[in-house]
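# Observations on chain architecture
The residues making up each chain are set out below.
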Amino acid sequence: MPGDPLFNNGLNLAVALIVIIKAIIVFVVVLVSVLFMVMFERKVIGHMQNRIGPNRAGPFGSLQSLADGTKLFFKEALLPAKADKRIYRLAPILAVVPAFLVFSIVPIGGTITIAHHVTRLQLVDPPWGILFMLMLSSIAVYGVMLAGWSSGSKYPLLGAVRASAQMISYEAAMGLSIAAVVVLSGSLHTSAIASGQHGLLHFRNHTVPLPAWNLFRTWVVPFIIFMIAVTAEMHRPPFDLVEAEEEIAGGFNAEYSSLGFALFYLAEFMNVVTMSGVTVTLFLGGPDGPRILGHSVGPFWFVLKLFAFLYTYVWLRATLPRFRYDQLMDLGWKRLIPASLGMLLFVAAVRTGSRGWVIGVMVGLVVGAIALMRALSVGARTTEVEAASIARAGRRA
Amino acid sequence: MAQYLPIVVLMVLATGFAFVSLLASRILGPKNPNSAKSAPYECGIVPNRQPAQRFPVRFYLVAMIFVIFDIEIIFIYPWAVMYHQLGTFGLAEMVAFSIAVLVAFLYLISGGALDWGPVKRLSPAEIITRPYTGSATIRRVPRPEALLAGIEPMEGSAPDAPAAPSAPAEPDRVPATTGH
């Protein structure tokens, strides 16, 4: 039965205490992992660019991010003259709180018994787990949007409208690719999604020597779409148009200094860690992995997979140049959304197990793709004709 | 309802952390604001206009189209959860729903509602050449007419770019940074 067994016997003082302890542990773990992630990124990027990276504070520079954070406490908190004061101060909080909360639905593996109370290694396991994640990623848009708008300055406003258009565009593709996972798991419980990926892959009564992770069960494409969408959602490179230094001078947080800036920075890196956790849960089996010396070591495998993703995001940042804005929007709307909708139908059709349905849906997808190509060329033509008529009107004036 | 408790606790912790650290930086940090510091940041140039009141309408358009797609996704989730029970009937329903969505989507695309970038012009006569002036290496600035012809991307680059080419009105000027 999904759901946290901690609450089976109702709520009493011991349960409440366990809940508070778990919340504090999650809070500290997330915070420490962010400090680590900042250091890790700077170190890895440094080595990828033939530099050493931070190496002064602490052994191997491991305390660098802590030192930076402490320094920001002692910096002046500026308030721009044109700022909307309340919203300007509220925005960093709106950015950082959702980032903290996402990690609460990520299952780290198995259950644990504290003082005769069995509980999951996961802060909450609500029946609306994935919806909660989607909700938080929508709320994160507000932090960015309000920060840019309330700064009363040109570049932050531009960064903010860019950011919100980008984030909502990729949210659609992200939601559709998660739906493909939900079709397979039949549940929105993150623990059920993770535990549904145990064992080996079965396909048409054959066992394939691959783990039964959703990555393979959904035919890989939704995973790729999800990765791209999440990268854009977090505005990480190559989708970091939100903070394009060359064009908009740092973007939505250009007017923030001191801890206001630090909270945005914190939220950004926290999102990298938590969304990597969500990706591992949704597509890579969460804590699933072989036993070591007869013990099931879910948390170990979870952290290992998490690291693979953290490294991937750093790698992307070091490797890829930034997108242009129209390329970004074209990729999101004209490629990823139709592709993820098509994959959702395909996964659903394969799930029925009837050959007729699979072939029927595939034919439908091909027809849909051709119609999409036609629509794209018609759309380009329409825009061209419009631009020409605007130009003619301009010349006449 | 007890399921909500951990989230509430974590939310309180996170909010408290954000508030306390903002407060701490206000207590610990120095405080000597001046008008140069509080002026809008424009890379060192004294801003001579109010911050933009308007931005390209395409951003609104995208937000409105997104609402449609978000509602569609909200419909898909309950269906996805119940898909085991629904079987082929569920698949047929979703195929019908997807066709309806796809038709609307194709209509949007073919209307050019989702086009952003610089317009690709097929007729070379439209493009004003002479990019370089004789011996100089300075690029000639296109006239406003040329800008209107859609050679340079206008959307998203600057919200006040398509404004009248005349100089900004004097009352908009922010006071120079001469202190109080």
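Residues numbered from 1 in each chain as written. Chains lettered and ligands numbered in written order. Predicted model: local features only at pLDDT ≥ 70, side-chain atom pairs only at ≥ 80, totals over all residues.

## Section: the overall build of chain B
Scanning chain B from terminus to terminus reveals 6 helices and 0 strands. Looking at chain B residue by residue over its 180 residues, the buried ones come to 18%. Sequence separation of 24 or more characterises 64% of the internal contacts of chain B that already satisfy a separation of 6 or more. (Helix = DSSP H or I, 4+ residues; strand = E, 2+ residues; numbered from the N terminus. Buried ≥ 20, exposed ≤ 12 C-beta atoms within 10 Å, placed from the backbone. Contact = placed C-beta atoms within 7 Å.)

## A short note on the packing of helix α3 (residues 85-102) of chain A against helix α10 (residues 258-283) of chain A
Residues and elements named next belong to chain A. In the contact formed by α3 and α10, the axes pass within 8 Å of each other and the chain directions differ by 25 degrees. One way to sum up the angle between α3 and α10 is to call them roughly parallel. Crossing geometry of α3 relative to α10 is assigned as left-handed. Contact residues: α3 offers P92, A95, V96, A99, F100 and V102, while α10 offers G260, L263, F264, L266, A267, M270, N271, T274 and V278. Classifying every residue of the contact of α3 with α10 by side-chain character gives 12 nonpolar, 3 polar and no charged. (Axes fitted to C-alpha atoms, helices over the stretch in contact; angles between N-to-C directions. Parallel < 35°, antiparallel > 145°, perpendicular 65-115°, else oblique. Left-handed = near helix turned anticlockwise from the far one by under 90°. Nonpolar A, V, L, I, M, F, W, Y, C, P; charged D, E, K, R; others polar.)

## So, the pairing of strand β1 (residues 111-114) of chain A
Residues and elements named next belong to chain A. For β1 and strand β2 (residues 117-120), the ladder comprises 4 bridges, and the chain directions are antiparallel. The partner of I112 across the bridge, within β2, is T119. Here β1 folds back onto β2, and the loop between the two strands holds 2 residues, one of which, A115, carries a positive phi near 50 degrees. (Pairing = 2+ DSSP bridges.)

## With respect to the confidence of the model for chain B
All names here are of chain B. For chain B, the average pLDDT comes to 72, and 59% of its residues sit at 70 or higher. Within the model, the stretch residues 126-138 combines pLDDT values under 50 with 13 contacts to residues more than four positions away or in other chains. Note on the complex model: pTM 0.83, ipTM 0.84. (pLDDT = per-residue confidence, 0-100.)

## Looking at the interface of chain B and chain A
Chain B puts 71 residues into the contact, and the matching count from chain A is 92 residues. Elements represented by at least two residues in the side of chain B that touches chain A include exactly α1 (5-28), α2 (35-38), α3 (57-81), α4 (83-86), α5 (88-110) and α6 (144-148) of chain B. Taken together, the residues of the side of chain B that touches chain A sort by class into 46 nonpolar, 16 polar and 9 charged.

## Observations regarding the pairing of strand β3 (residues 200-203) of chain A
Residues and elements named next belong to chain A. Bridge analysis of β3 against strand β4 (residues 206-211) gives 4 bridges, and the strand direction is antiparallel. Residue pairing in the sheet places L200 in a bridge with P211 of β4. The hairpin turn running from β3 into β4, its antiparallel successor, is 2 residues long, and R204 in that turn takes a positive phi close to 50 degrees.

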